[in-house]
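Fold and contact review
Here is how the chains run, residue by residue.
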Amino acid sequence: MAESAYKEMWEKLNLDIDAHEGLLEVLGKFYGDIYLSQQGRLQGAEYLDFVLSEVHGLRIKELQDAKAQGRKIIGSFCVFVPEELTLAADAVHVGLCSGADAGTEMAETMVPRNTCALIKSFVGFKLAKICPFTESCDVVVGETTCDGKKKAYEAFAEHVNMYIMEVPQQKNACDHDLLRAEMKRYMEELEKLTGKTIGVDDIKKGIAIANGKRKAIQGLNALRKADPAPISGRDALLINQISFYDDPVRFTAKINELCDEIEARIEKGEGVAPKGTPRLLLAGCPMAVPNWKLPYIVEGSGAVVVGEESCIGSRNIRDLVDEDATAKATTVDELLDLLTDRYMKIDCACFTPNDERLDNIADMAEELGAQGVIHYALLFCQPYSHEAFKVDKTLQAKGVPMLAIETDYGMEDVEQLKTRIEAFVETLES
Ligand code: SF4
Ligand code: SF4
């Protein structure tokens with residue numbers, strides 16, 4: 001993890017230096033155990049190691065440099081916040097991670113104890129003053145997806161400058177109109193914040209960058225169909241996680257390079273686990289940095305993770321903004337329509353009904369040759385815990401076994417999870 005060369009910058013950001021150092025130490029050790037210990041890693045994984053080692057260093061310095069040039073930093077917690085528009089305003093879009101237990105006790109003074117770990121984490125990171133990303137943000141964009149987040153943002157707004165975007169919960173024509181109006185309102189908010197009028201070419205540029213990033217990960221996911229699996233689920237998850245906070249153009253170039261290396265590896269028949277290793281798909285709640293617990297346990301249990309049906313995974317990259325229509329568009333209104341069309345396809349569990357997700361999971365399992373699915377819900381997450389039953393039923397009908405897991409960011413249940421996952425993997429082998 002980044003060194004004390006950045007201390008002055010962290011002090012300026014008003015971080016609690018001791019608590020922050022403690023966090024970096026734990027993260028560094030965790031990363032070493034889970035990532036650097038892997039055998040047969042790709043050379044291109046050096047990029048991942050570099051980004052992670054500099055996540056609170058160089059990347060934060062880049063954000064400060066951008067701010068010094070007058071650019072604004074926008075933080076978000078959800079894939080519904082359209083990065084295309086942030087980029088169109090020449091602002092920087094960062095995902096605020098929320099994948100670790102930190103400041104939990106402080107968080108519980110603001111949100112109920114029975115709240116999911118993700119929410120407690122973003123509140124805790126702020127109250128404990130340990131997240132340089134949160135401290136760098138000019139605005140944090142929240143959304144009205146689940147009730148937990150909605151209410152937590154009210155409390156969070158006492159500590160950060162918040163903007164709330166309304167996200168519909170159904171997919172009727174009026175819901176489409178609502179999201180379309182919200183796209184426009186977000187665009188106008190960005191214009192106010194940056195003093196820049198967003199034009200057709202700006203949005204087209206934003207779409208090209210975001211689509212480029214999504215296509216790079218789509219390419220990576222297609223390569224994961226190979227057996228032996230050419231990349232570990234841990235590294236693939238990390239790539240998805242990094243896509244939320246690294247510079248998008250650099251990220252795309254690096255992942256495309258990594259895909260070239262993977263292709264060469266597939267041609268040679270090489271992989272991270274022997275051919276025939278049981279293949280699993282993870283489905284459910286987003287796993288934010290540094291939540292690597294589940295893929296680590298799965299891959300230590302004799303299986304390999306071949307896909308992530310999650311917002312930090314396929315849900316964020318499956319659909320592109322229509323490129324042909326974008327090229328033909330001549331007005332901002334047309335482009336906002338296209339953005340809305342794309343975002344309305346997101347199959348978050350906050351929608352009712354949400355049958356698309358069931359089909360998408362079944363399709364993914366088939367395409368990736370997954371013999372089983374692990375459904376992951378954070379404790380106290382109503383939307384995803386509810387959907388676990390439906391996903392199970394859909395997969396059963398297709399003959400694909402599923403294991404439902406509810407957990408949080410703590411390590412207390414690692415042994416118990418390991419036992420359950422090993423038993424599940426054994427049933428796949430027999
Ligand atoms: S799971 Fe739903 S609420 Fe959470 S990030 Fe994804 S789209 Fe947003
Ligand atoms: S994990 Fe579930 S409860 Fe937590 S923020 Fe996401 S949707 Fe809401």
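Data block above holds the structure.
Residues numbered from 1 in each chain as written. Chains lettered and ligands numbered in written order. Predicted model: local features only at pLDDT ≥ 70, side-chain atom pairs only at ≥ 80, totals over all residues. Heavy atoms only, no water.

**Brief notes about the overall build of the chain**
Selection criterion: Strands here are runs of E lasting at least two residues and helices are runs of H or I lasting at least four, both read from the DSSP assignment and numbered beginning at the N terminus. Only protein chains enter the area calculation, which uses a 1.4 Å probe; residues under 20% of their type maximum are buried, those over 50% are exposed, and those in between are partly exposed. Here, two residues are considered to be in contact whenever any of their heavy atoms come within 4.5 Å of each other. Note on areas: Shrake-Rupley with a 1.4 Å probe; residue coverage comes only from the protein chains shown. The charge count includes Lys and Arg as positive and Asp and Glu as negative, but it does not include His or the ends of the chains. In this description, the location of a charge corresponds to atom NZ of lysine, CZ of arginine, CG of aspartate or CD of glutamate.
Looking only at helices and strands, one finds 20 helices and eight strands in the chain. Taking the principal axes of its C-alpha atoms as reference, the chain extends roughly 60 × 50 × 45 Å. Residue burial in the chain is summarised as follows: out of 430 residues, 58% are buried. By sequence separation, contacts in the chain at least 24 residues apart represent 76% of the contacts at least 6 residues apart. Surface accessibility of the chain: about 17700 Å² in total, with carbon and sulfur atoms responsible for 51%. A distance of 2 Å separates the average location of the 48 positive side-chain charges in the chain from that of its 72 negative side-chain charges.

**Topic: the site of ligand 1**
Our working rule: Any residue with at least one heavy atom within 4 Å of a molecule or strand is counted as near it. Residue type decides the class: Asp, Glu, Lys and Arg count as charged, Ala, Val, Leu, Ile, Met, Phe, Trp, Tyr, Cys and Pro as nonpolar, and the leftover types, Gly among them, as polar.
Taken together, Phe77, Cys78, Val79, Phe80, Thr145, Lys149, Cys311, Cys348 and Tyr384 are the residues near ligand 1. Residues of the shell around ligand 1, tallied by class, amount to seven nonpolar, one polar and one charged.

**So, the site of ligand 2**
For ligand 2, the full set of nearby residues is Cys116, Ile119, Cys146, Lys149, Cys285, Leu378 and Cys381. When grouped by side-chain class, the residues that make up the shell around ligand 2 number six nonpolar, no polar and one charged.

**As for unusual backbone geometry**
The amide bond that connects Val289 to the next residue, Pro290, takes the cis arrangement and shows omega of -5°. For Pro290, the location among the structural elements is in the loop between β5 (279-284) and α14 (293-299). Looking along the chain, the bond that leaves Thr352 and enters Pro353 is cis, with omega of -10°. Tracing the backbone shows Pro353 in the loop between α17 (332-343) and α18 (355-367). A positive phi angle, near 60°, is found at Asp90, a position not held by glycine. Judged by its relative accessible area of 36%, Asp90 falls in the partly exposed class.

**Overview of the sheet that holds β5**
Applied cut-off: Paired strands are those between which DSSP finds at least two bridges. Every axis corresponds to a line fitted to the C-alpha atoms, with the helix fit spanning only the stretch in contact, and the corresponding angles, defined between N-to-C directions, vary from 0 to 180 degrees.
Spatially, the four strands line up as an open sheet ordered β6-β5-β7-β8, and their pairing is parallel. Looking at strand neighbours, the two that pair on one side only are β6 (304-309) and β8 (402-407), the edges of this open sheet. Going from strand to strand, the sheet's axes swing by 25° on average, the running direction of each strand aside. Here helix α20 (residues 414-429) sits on the sheet and contacts β5, β7 (372-378) and β8; the angle it forms with β8, its principal contact strand, is near 170°.

**Focus on α18**
Heads up, the rule is: Given the number of residues in a helix, its expected span is that number minus one, multiplied by 1.5 Å.
An ideal rise of 1.5 Å per residue puts 18 Å on 13 residues; α18 measures up with 19 Å between its terminal C-alpha atoms. Those residues of α18 that fall on the buried side of the exposure criterion are Arg357, Leu358, Asn360, Ile361, Ala362, Met364 and Ala365.

**Regarding the nonpolar core**
Test applied: Only buried residues count toward a nonpolar core. Its members are Ala, Val, Leu, Ile, Met, Phe, Trp, Tyr and Cys residues joined through side-chain atoms within 4.5 Å.
Membership of the largest hydrophobic core comes to 132 residues, with the highest contact counts inside it found for Ile203, Trp292 and Ile374. Non-local contacts of Trp292, meaning those with residues more than four positions away in its chain, are made with Leu27, Phe30, Tyr31, Ile34, Tyr35, Leu52, Leu237, Leu238 and Gln241. One finds Ala229, Leu358, Ala365 and Val373 within the second-largest nonpolar core, a separate group that totals 18 residues.

**Some words on the packing of aromatic side chains**
Two aromatic rings, taken as a pair, are described by how far apart their centres are and by the angle between their planes. The cut-off we apply is this: Ring pairs are drawn from Phe, Tyr and Trp, using the six-membered ring of Trp, whenever the two centres fall within 6.5 Å, and their geometry is named by plane angle: stacked under 30 degrees, edge-to-face over 60, tilted for the rest. We call a charge positioned above a ring when the Lys NZ or Arg CZ atom is no farther than 6 Å from the ring centre and deviates by at most 35 degrees from the ring normal.
A full pass over the atoms with the stated rule returns 13 aromatic pairs. Look at Phe30 and Trp292: their rings are 5.8 Å apart centre to centre, the planes differ by 35°, and that puts the pair in the tilted class. Here Phe30 is found in helix α2 (residues 17-36), whereas its partner Trp292 is found in the loop between β5 and α14, with 262 residues between them in sequence. Its relative accessible area of 23% is what places Phe30 among the partly exposed residues. A relative accessible area of 0% means that Trp292 is categorised as buried. A ring pair is formed by Phe122 and Phe156, whose centres lie 4.9 Å apart and whose planes are at 70°; its orientation type is edge-to-face. In this pair, Phe122 sits in helix α7 (residues 117-127) while Phe156 sits in helix α9 (residues 147-156), placing the two residues 34 residues apart along the sequence. Residue Phe122 is classed as buried on the basis of its relative accessible area, which comes to 2%. For Phe156, a relative accessible area of 1% puts it in the buried group. Chaining the aromatic ring pairs together yields one cluster made of Phe30, Tyr31, Tyr35 and Trp292. Just above the ring of Phe351 sits the side chain of Lys171; from NZ or CZ to the centre is 4.4 Å.

So, to be careful, I would describe these as geometric facts and stop short of saying anything about function.
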